[in-house]
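# Coordinates in review
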Amino acid sequence: MSLNLKITPEVLDAIAENRPVVALESTIITHGMPWPQNLEMAQKVETTVREAGAVPATIAVLDGALHVGLETDRLEVLAQAKNVAKLSRADMAACMARGGTGATTVAATMIGARQAGIAVFATGGIGGVHQGAESSFDVSADLHELAQTAVTVVAAGAKAILDLPKTLEVLETLGVPVITYGQDRLPAFWSRDAGLASPLRMDSAAEIAAAHAMRAALGLPGGQLVANPIPAEAEIARDTMLPVITRATEDAERHGITGKALTPYLLQRIYELTEGRSLTANIALVLNNARLAAEIARELSVRPA
């Protein structure tokens with residue numbers, strides 16, 4: 001069976017001409033916020049990538065085809081679609097084989113980016129080790145994807161709802177470089193400081209691009225995680241967020257919410273408990289990540305082959 005891969009002409013031309021391209025996920029559209037805010041957000045992220053000098057490539061599975069880059073009409077259809085599957089490595093192929101439609105998580109977006117030859121991907125935050133994973137074994141496939149798929153992922157760290165020390169330990173075990181941009185402390189999504197030292201620090205997009213290229217030269221599998229702190233003016237301090245996250249997690253346990261439904265529930269509950277501040281911060285960090293990803297993609301595009 002051949003892969004039904006559909007790349008928009010704009011993205012295809014940019015890849016062919018070695019111009020910078022940034023992959024973008026689609027679960028933020030289908031599972032992140034309601035219509036029409038989700039469409040406005042997706043368009044704003046794509047505009048931010050363009051303004052920073054790169055071509056955006058939002059990735060999704062539509063009617064069994066893997067789309068890399070979405071034209072305006074397809075973006076609108078996806079933003080209004082109901083009951084869209086949330087795809088990761090385990091179910092992406094099955095969805096495509098059945099002719100289904102699904103939004104891509106971090107792991108699935110990395111797979112789509114690699115299929116198209118895109119080296120840089122911007123998202124909000126990656127998945128990781130959930131609280132209580134020693135009993136539930138709830139660990140995101142994003143971590144293993146980073147260990148095997150050669151894409152540099154720019155995020156504001158792992159989502160703060162996770163067990164961040166365990167997430168960092170698993171990334172180290174899997175050999176994934178965790179590079180914090182511009183500071184020595186690891187960020188925690190809505191907050192600039194997770195209370196953890198960063199394994200690596202780099203202060204320029206050029207350094208990050210060079211590290212990506214060196215991994216390829218060494219023949220190392222996998223990508224690298226770039227933890228880009230949320231802008232200071234948009235952050236919600238860790239001390240403010242911790243009790244909110246605890247309350248949301250307790251609510252999820254009480255309602256028996258687990259698996260793929262857990263993260264969307266927690267993010268929605270945190271939105272309610274912060275009276276919308278978490279969403280405002282989320283938008284700011286995603287746009288900030290899109291800008292840095294475009295800078296890294298630009299640096300990679302001018303490096304000698």
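Each remark here, short or long, concerns the structure printed above.
As a starting point, this report considers the structure included with it. The model shown is predicted, which means the values in this text are computed figures rather than measured ones.

In this chain, W35 is followed by P36 through a cis amide linkage whose omega measures 0°. Assignment of secondary structure puts P36 in the loop between α2 (27–30) and α3 (37–51). Not every positive phi belongs to a glycine, and F189 is a case in point at roughly 60°. Within the secondary structure, F189 is located in the loop between β9 (178–181) and β10 (200–202). The class of F189 is buried, set by a relative accessible area of 2%.

Further remarks concern the pattern of salt bridges. Summed over the entire model, instances satisfying the criterion amount to eleven salt bridges. A salt bridge links R269 to D251; its shortest N-O distance comes to 2.7 Å. Remark: D251 occurs in helix α11 (residues 238–254) and R269 occurs in helix α12 (residues 262–273); sequence separation between them is 18 residues. Using a relative accessible area of 2% as the deciding quantity, one classes D251 as buried. One salt-bridge network, in which partners are shared between bridges, spans R247, D251, R254, R269 and E272.

Criteria and thresholds
Residues numbered from 1 in each chain as written. Predicted model: local features only at pLDDT ≥ 70, side-chain atom pairs only at ≥ 80, totals over all residues. Heavy atoms only, no water. Helix = DSSP H or I, 4+ residues; strand = E, 2+ residues; numbered from the N terminus. Buried < 20%, exposed > 50% of the residue type's maximum accessible area, 1.4 Å probe, protein only. Salt bridge = Lys/Arg side-chain N within 4 Å of Asp/Glu carboxyl O.

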